[in-house]
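Breakdown of the fold
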Amino acid sequence: MADDDLDRAIGVRIKELRIARGLTLDELANASAVSRAMISRIERAEASPTASLLSRLCAALGLSLSAFFAREHEEVSPLARHEKQAIWRDPGTGYVRRAVSPPATGSQVDVVEVIFPAGASVIFPPNTASAEMTQHVWLFEGEMDVTHREVTYRLMPGDCLFMGIGDGHAFHNPGEGPARYSVILDRGRS
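Before going into details, it helps to say that this report is about the structure given with it. Predicted, not measured: the structure shown is a model, and the values here were computed from it. (Residues numbered from 1 in each chain as written. Predicted model: local features only at pLDDT ≥ 70, side-chain atom pairs only at ≥ 80, totals over all residues. Heavy atoms only, no water.)

**Some thoughts on empty space enclosed by the protein**
Convention followed: Put simply, the grid is 1 Å and covers the protein atoms alone, a cavity is a trapped set of points that fit a 1.4 Å probe, a pocket is an open set with protein on both sides within 12 Å along at least five of seven lines, and lining residues have an atom within 4 Å of a point. Grid points are joined across faces, edges and corners, and a volume is the space filled by probe spheres set on the points. Runs of E in the DSSP output that reach at least two residues are strands. Runs of H or I that reach at least four are helices, and both are numbered from the N terminus.
In this structure the tally under the stated criterion is 1 cavity of 30 Å³ or more. There is about 410 Å³ of room inside the largest cavity. Taken together, 28 residues form the lining of the largest cavity, with Ser55, Leu65, Phe124, Gln135 and Leu185 sitting closest to its centre. Counting only elements with at least two residues in the lining of the largest cavity, the list comes to α4 (51-60), α5 (65-69), β3 (109-116), β4 (121-124), β9 (169-172) and β10 (179-186).

**Here we look at the sheet that holds strand β2 (residues 96-99)**
Applicable threshold: Strands pair, by our definition, only if DSSP identifies at least two bridges between them. For helices, the fitted line uses only the C-alpha atoms of the stretch in contact; every axis is such a line through C-alpha atoms, and the angle between N-to-C directions lies from 0 to 180 degrees.
Taken in spatial order, the 6 strands make up an open sheet running β1-β2-β3-β10-β5-β8, and their pairing is antiparallel. In the strand order of this sheet, the two ends are held by β1 (87-89) and β8 (160-164), each with one partner. Recorded for the sheet is a direction-independent mean angle of 20° between the axes of neighbouring strands. One ladder, built from 3 bridges, connects β1 with β2; its direction is antiparallel. Each residue of the ladder has a partner; that of Arg89, found in β2, is Val96.

**As for the pattern of salt bridges**
Note the threshold: A pairing counts as a salt bridge when a side-chain nitrogen of Lys or Arg comes within 4 Å of a carboxyl oxygen of Asp or Glu. Per-residue accessibility, obtained with a 1.4 Å probe over protein chains only, is compared with the maximum for each type, and a residue is labelled buried under 20%, exposed over 50%, and partly exposed between these values.
Throughout the structure, instances matching the rule amount to 10 salt bridges. Between Glu43 and Arg18 there is a salt bridge, with the nearest N and O atoms lying 2.7 Å from each other. A residue pair is termed long-range when its members are at least 10 positions apart, and Glu43 in helix α3 (residues 36-43) and Arg18 in helix α1 (residues 3-20) qualify at 25 residues. Residue classification places Glu43 among the buried residues on the basis of a relative accessible area of 12%. Residue Arg154 pairs with Asp145 through a salt bridge whose shortest N-O separation is 2.4 Å. Owing to a relative accessible area of 46%, Arg154 belongs among the partly exposed residues under this scheme. You can call Asp145 buried: its relative accessible area is 14%. Each of Arg98, Glu113, Glu141 and Arg180 takes part in one network of salt bridges that share partners.

**What about the packing of helix α2 (residues 25-32) against α4?**
The relative placement of two packed helices is expressed as an angle between their axes plus a distance between the axes. Filter applied, for reference: Small angles under 35 degrees read as roughly parallel and large ones over 145 as roughly antiparallel, with 65 to 115 read as roughly perpendicular and the rest as oblique. Note on convention: near helix rotated counterclockwise from far helix by under a right angle means a left-handed crossing. Clockwise means right-handed. By definition, residues are in contact when any of their heavy atoms lie within 4.5 Å. Asp, Glu, Lys and Arg are counted as charged, while Ala, Val, Leu, Ile, Met, Phe, Trp, Tyr, Cys and Pro are counted as nonpolar; the rest, among them Gly, fall into the polar class.
At a minimum axis distance of 8 Å, the contact between α2 and α4 shows a crossing angle of 110°. Of the possible angle classes, the one that applies to α2 and α4 is roughly perpendicular. The two elements α2 and α4 cross, and the hand of that crossing is right-handed. Together, Leu28, Ala31 and Ser32 of α2 and Arg56, Leu57 and Ala60 of α4 make up the contact between the two elements. Among the residues forming the contact of α2 with α4, the class breakdown is 4 nonpolar, 1 polar and 1 charged.

Encoded structure:
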């Protein structure tokens, strides 16, 4: 999918979810800490949201990034073939996010693969809408500095870090090559 098509699809999905939940632009802006103007620009495909911004919008809409990118009206299957897994590139950092979990299964757990470029950083600010969500970050290749609750953890291949999503956190790749890791996200009890 071309970047313009993806921006349009993201904008349409945000607007559909906002309307389905009966939220005005102002209400979504207040819940997500994203400006009304930026949400409007995203909905009209005039702006590409960064990972941090999109995660705040998703949390305010009550879903994970994996659920956001799940294809609507897709037949539910327990198998997600590699070539059919949704991929998104963050325009801010260039990181590539692959939704590994089969979509629409009703599971509260999402599995994501991330390839994070050398030198890249992203900050996910605290968000009360994500307070019930937790995640495991399991590093396969490279190295990552992950900051959670003002403590920075240096992850090396094979390391796994557990943390609450609503607390806010930051990722930084201090290495000279990309880092590849999995995020196992638990949306909590429904």
